[in-house]
Protein chains: 4
Amino acid sequence: MIKLNGIFPPLPSSFDQDENLAPDKMRSNIEKLSAFDLRGFLVLGSNGELVHLSDTEKIQVYEMAREAIIPDKLMIAGTGGQSTRETIMLTRAAAKAGADAVLVLNPFYYKGLMKPEALKQHYFAVADASTIPLIMYNMPANSGMDMDADTLLMLSEHPNIAGMKDSGGDVAKMGAIRKRAKPEFQILAGSAGFLVPAMSVGACGGILASANIAPAQCIAMHKAFNAGDMAEASRLQLDIIPVNNAVTKKWGVPALKAAMDYIGLYGGPARKPILPLDAATKAELLKILDDYNIIS
Amino acid sequence: MIKLNGIFPPLPSSFDQDENLAPDKMRSNIEKLSAFDLRGFLVLGSNGELVHLSDTEKIQVYEMAREAIIPDKLMIAGTGGQSTRETIMLTRAAAKAGADAVLVLNPFYYKGLMKPEALKQHYFAVADASTIPLIMYNMPANSGMDMDADTLLMLSEHPNIAGMKDSGGDVAKMGAIRKRAKPEFQILAGSAGFLVPAMSVGACGGILASANIAPAQCIAMHKAFNAGDMAEASRLQLDIIPVNNAVTKKWGVPALKAAMDYIGLYGGPARKPILPLDAATKAELLKILDDYNIIS
Amino acid sequence: MIKLNGIFPPLPSSFDQDENLAPDKMRSNIEKLSAFDLRGFLVLGSNGELVHLSDTEKIQVYEMAREAIIPDKLMIAGTGGQSTRETIMLTRAAAKAGADAVLVLNPFYYKGLMKPEALKQHYFAVADASTIPLIMYNMPANSGMDMDADTLLMLSEHPNIAGMKDSGGDVAKMGAIRKRAKPEFQILAGSAGFLVPAMSVGACGGILASANIAPAQCIAMHKAFNAGDMAEASRLQLDIIPVNNAVTKKWGVPALKAAMDYIGLYGGPARKPILPLDAATKAELLKILDDYNIIS
Amino acid sequence: MIKLNGIFPPLPSSFDQDENLAPDKMRSNIEKLSAFDLRGFLVLGSNGELVHLSDTEKIQVYEMAREAIIPDKLMIAGTGGQSTRETIMLTRAAAKAGADAVLVLNPFYYKGLMKPEALKQHYFAVADASTIPLIMYNMPANSGMDMDADTLLMLSEHPNIAGMKDSGGDVAKMGAIRKRAKPEFQILAGSAGFLVPAMSVGACGGILASANIAPAQCIAMHKAFNAGDMAEASRLQLDIIPVNNAVTKKWGVPALKAAMDYIGLYGGPARKPILPLDAATKAELLKILDDYNIIS
């Protein structure tokens, strides 16, 4: 069984100045980040601009990632599309490329129709079709819908659904699921803003934007919690919140990319309509990064 | 200049029982609906399951539609994607296929980043790249975001942005835009549930799911309003609301498709995760259609 | 049976500079506004700062209003509280003071518990206890909840529930209710921003903040619609939208009060925490009023 | 300086079968709960049906509570009203009755006007007028608005604002405030559903509906965390979630009251429009309580 107990950066997809996919830049980022004790990598999550890539480009990313990620680290591939058939097609492509698991965002465009039964048929069809474990992905800030505890529990019963990533931050919901789900079901925090609180209700790790720019600190937070050193875990948790806010809720993907550029990784532009940070915001971001002493 | 003053059905995309695209069925629907005094057709809107088709399939639909739609009716093509580059690519493909205008849903996955300036750069880039007029599409129930009056007004200033479709139903917003936008800017109601109210604040027509199943009644409502016969317009408006609710807000695309099957057009299945109506709901739907006397 | 077919200003409650109730100022406003062909007045709605007055003050307002409102105009009294018992108490006090009807905002603090059955027991208990007709009041922007068409229809069946005021602006909902409710059930638009659209789906009048500052224009809009002059009705509707936005959604009660001061009525301060407009906003407001030529 | 580091039950207000206030029942509940190592009591919070009591009744509750609460336990009094003047009046009455602190829900009816500056003037005026410390109360599920981190931080700077209770459950926000607020500012979890996660980002205690029915377990959870026994704290946290959901989000005040009746405290009816639980729901609730082994 797959073990998700650790920290995963959701790798941004790299583009050159013409917004063309730049797989070599992504590969270089993976290589540099592999120096840290990460559990693995996610490609093509929200920070990976999943919705901005064509199917061909997605498969190209899966293949590049499998080559670049060393065997002792897990490769999770984002494959959630709006239709069940597209999601299955991408899931198969990711498995074929060698991914260890897929992360499947729920379909959300027809929100009003996404009742539990529709979600069940969708997730079960994908999980049935997949040769590798499936991790559900709940991301209300982007999808505009929030899968509730009862729905997620129902879905967790499928033998090939190994866990979930929750980016909504409702730790009471995570706790309710932890209490009632099968023991081997694994919960991942979707943001470094609440990794320690999520672990305090049973999450085993996290897929954290901040792990792209502060991997050592995210890993230290995870280890401190697991070692029972709550004082240290809490201190690291509070310290990272301003940085994490800056590269997620507040300024999002372009801030994460600017921060990566700042620390010596490749950030580059996002695809439009995502704009680069304006100069004032960028200065504010760099100050937050400096205050956090991110480079050390 | 394009004249949008009339009724457009947003044509569902037709699939066979294996969920494969069935262009002949769509063509047949277009041919049957062309007997009515419609202003034209929209392909690949929300009812056309835009988000469920691959790029290749989308282009196939554009080409089929242009062949099937007779020259005196307009062809509007939905081309909105999450990235500016994909939207431009689809817009060019639609224009090449012979569409008269494109309907562009705003990008919405990165809601928090879709500030007015980002929307402006997106819409202006697409409008600049397009050889045919662009109609903006605001669909808060599906996109999870609502473009406000000030933003829409700013966008309306581009010379190649000819109008907007608003499915949110905020008629005060439509009125505010009508009052301040350039005179040639055209507002389309996005639902038969508020066509007459929208026209009372200056909308010139509508793209109406109900026009797929009750084209005569939608056209009569539009004509009654324009003829100054408010009593008749209001009566038709109130009469259609239950039917319209059934095939939009309440049960959505699968109800629209079931209604099309019922009246002798091709409905067929939606792509999953959209499920067909269960038997009880379908019975309720048919009763609503019968009460409305839809077949006459 | 009470006839609500006309325009009602929701009178602001007047306070002196120390925020003490100033009934004489309200009376003077009523007297001045009585020169217009209004159907009546509402006291203690949202613009009347219902939630800012003590029970004693509310009863004082009811009594003042009855004295000031001439017999051929209706007096509607806002009496909605969070508990059924408080609402009944205020309803009885309003009836005793001589009100012609009560306007009852739904309880909303315990949103999660306000299921249809709870609302039914609440409204039916108040309607049973009331010797004068009850008008329901739906105000989602302030209450944070939105009573839906099915609930409102169920409530409309009580013989002493005469109508509803809807400030949410969902005209499709108003139409759905108009279509199915008992014929004598009366729908009032809750904002001048959508009076004409609401009338086009069967509303018979409106309780309009703007009627405090532009009574002649609101009345003219109502009359034009009823006379079948849609061109004039639409023109008046579009013209008033910027003014109406300014004194409702955009800047609210303090803008309405500032506008009343500007045109020679008494506005004065709202009770805190509502702050007066800052100087820049006030200048912007006055410009909007001047552009509308409000004083003529 | 007041020390809030512990567990507080938000005491329901007790009513007899005619919905009249029953202070003796509340007193009896306080006396029974005083056997536990609680830090104190809150009267007239959301579970205390603050919005259902008249001002006279509120003062009666403050006075009863001070008599009943033994001196080594803190008495916190809910005093938040919609107007600043009412809030100050109630705050003074609570202080006069002997409360140790006041809990002030933000005004929320005029949501659109409750910008940071309005909230600042409101809270600072109340804090200035109060002779006892003020605790802010953020309760988005009921108020329909959510005070953000920046606003709460600005408000936390007032010397007489001692802390905040957050019932929204956004632990990343609590952490952001903990990181930046003055050291003596105290954060209280507003629900037993996330007490341990909240403490992991610096909360010092909680005002927990569940502490009315499971005081020993809530206290044990708090102590385990403070003793560094995270395994035990997490276990207690997960165990209490189903019970806590039942008496808060899912079924609310009537479920809390039914649970109190079940364990030998006085629950009784809530004031209408809050309905008692129906028989099926009550049976489900009792099963949840039994599964939790609440009576031991």
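Note: the structure precedes this text.
Residues numbered from 1 in each chain as written. Chains lettered and ligands numbered in written order. Predicted model: local features only at pLDDT ≥ 70, side-chain atom pairs only at ≥ 80, totals over all residues. Heavy atoms only, no water.

**What to know about empty space enclosed by the protein**
For the structure on display, the rule yields one cavity of 30 Å³ or more. Volume-wise, the largest cavity comes out at about 50 Å³. Together, Tyr109 of chain C together with Leu44, Gly45, Ser46, Leu50, Val51, Gly78, Gly80, Leu103, Leu105 and Tyr137 of chain D line the largest cavity. Classifying every residue of the lining of the largest cavity gives seven nonpolar, four polar and no charged. (1 Å grid on protein atoms, 1.4 Å probe; cavity = no way out; pocket = protein on both sides within 12 Å on 5 of 7 lines; lining within 4 Å. Points joined across faces, edges and corners; volume = space filled by probe spheres on them. Nonpolar A, V, L, I, M, F, W, Y, C, P; charged D, E, K, R; others polar.)

**A look at the arrangement of the chains**
The closest approach of any C-alpha atom in chain A to one in chain C is 16 Å; the two make no contact. For the non-touching pair chain B and chain D, the nearest C-alpha separation works out to 16 Å. (Contact = heavy atoms within 4.5 Å.)

**Brief notes about the interface of chain C and chain D**
Interfaces are frequently sized by the accessible area removed from exposure as the parts join. Between chain C and chain D, the contact holds 38 residues from the first and 39 residues from the second. Summed over the shared surface of chain C and chain D, the result is zero salt bridges. Seen at the junction of chain C and chain D, the total is 14 residue pairs in polar contact (both at pLDDT 80 or more). Only α3 (84–97), α4 (116–129), α5 (140–143) and α11 (252–263) of chain C provide two or more residues apiece to the side of chain C that touches chain D. Counting residues per element, the side of chain C that touches chain D draws most heavily on α4 of chain C, which supplies four residues. (Salt bridge = Lys/Arg side-chain N within 4 Å of Asp/Glu carboxyl O. Polar contact = N/O pair within 3.5 Å; in protein donor to acceptor, adjacent residues only side chain to side chain. Helix = DSSP H or I, 4+ residues; strand = E, 2+ residues; numbered from the N terminus.)

**A few points about unusual backbone geometry**
Most of the time, phi is negative for any residue but glycine, and the peptide bond is trans. Between lysine 272 of chain A and the following residue, proline 273 of chain A, the backbone shows a cis peptide bond with an omega angle of 25 degrees. Following the sequence through the fold, proline 273 of chain A ends up in the loop between α11 (252–263) and α12 (279–291). In this structure, glutamate 49 of chain A is a non-glycine residue whose phi angle is positive, near 50 degrees. On the secondary structure map, glutamate 49 of chain A appears in the loop between β3 (40–43) and α2 (55–68). For glutamate 19 of chain B, which is not glycine, the phi dihedral falls at a positive 70 degrees. Assignment of secondary structure puts glutamate 19 of chain B in the loop between β2 (10–11) and α1 (23–33).

**Let's talk about the pairing of strand β7 (residues 161–166) of chain A**
All names here are of chain A. For β7, a buried count of six out of six residues is recorded, marking the element as mostly surrounded by other parts of the structure. As paired strands, strand β6 (residues 134–138) and β7 are joined by five bridges and run parallel to one another. Looking at β7, one finds that leucine 134 is bridged to isoleucine 161. Note: β7 against strand β8 (residues 186–189), four bridges, orientation parallel. (Buried < 20%, exposed > 50% of the residue type's maximum accessible area, 1.4 Å probe, protein only. Pairing = 2+ DSSP bridges.)

**What about the interface of chain A and chain D?**
Taken together, the contact between chain A and chain D spans 23 residues of the former and 23 residues of the latter. Summing both sides of the interface, chain A and chain D together bury roughly 1800 Å²; the carbon and sulfur share of this comes to 69%. Per-residue buried area on chain A facing chain D is highest for Lys179, Ser200 and Leu238 of chain A; these three make up 28% of the total on that side. Two residues, lysine 179 of chain A and aspartate 239 of chain D, come together in a salt bridge whose shortest N-O distance is 2.5 Å. (Buried area = accessible area lost by both parts, 1.4 Å probe.)

**So, the relation of the copies chain A and chain D**
For the pair chain A and chain D, the relating rotation is 180 degrees, the translation along its axis is 0.0 Å, and the fit reaches an RMSD of 0.0 Å. Both copies are brought into coincidence by an operation consistent with a two-fold rotation axis. Of every C-alpha in chain A, the one belonging to proline 197 of chain A sits nearest the axis of rotation, 2.0 Å from it. Looking at chain A, 100% of its interface residues are interface residues in chain D too, so the copies touch through the same face. (Least-squares fit on C-alpha atoms with pLDDT ≥ 70 in both.)

**Some thoughts on the relation of the copies chain C and chain D**
For the pair chain C and chain D, the best superposition has an RMSD of 0.0 Å and corresponds to a rotation of 180 degrees with a translation of 0.0 Å parallel to the axis. Of the residues that chain C buries at the interface, 100% are likewise interface residues in chain D, meaning the two copies contact each other through the same surface.

**Some words on the sheet that holds strand β5 (residues 101–105) of chain C**
Residues and elements named next belong to chain C. Strand order across the open sheet formed by nine strands is β1-β9-β8-β7-β6-β5-β4-β3-β2, with parallel pairing between neighbours. The open sheet has two edge strands, β1 (7–8) and β2 (10–11), and neither has a second partner. In the sheet, β2 pairs with strand β3 (residues 40–43) via two bridges, with the strands oriented parallel. Residue pairing for β3: proline 10 is matched across the bridge by leucine 42.

**Considering the sheet that holds strand β8 (residues 186–189) of chain D**
Residues and elements named next belong to chain D. One open sheet accounts for nine strands, arranged β1-β9-β8-β7-β6-β5-β4-β3-β2; its pairing is parallel. Two strands in the sheet have a free side with no partner beyond their single neighbour: β1 (7–8) and β2 (10–11). Judged from the three bridges that link them, strand β4 (residues 74–78) and strand β5 (residues 101–105) form a sheet pairing that is parallel. Counterpart to alanine 77 in the pairing with β5 is valine 102.

This is a description of form; function is not addressed.
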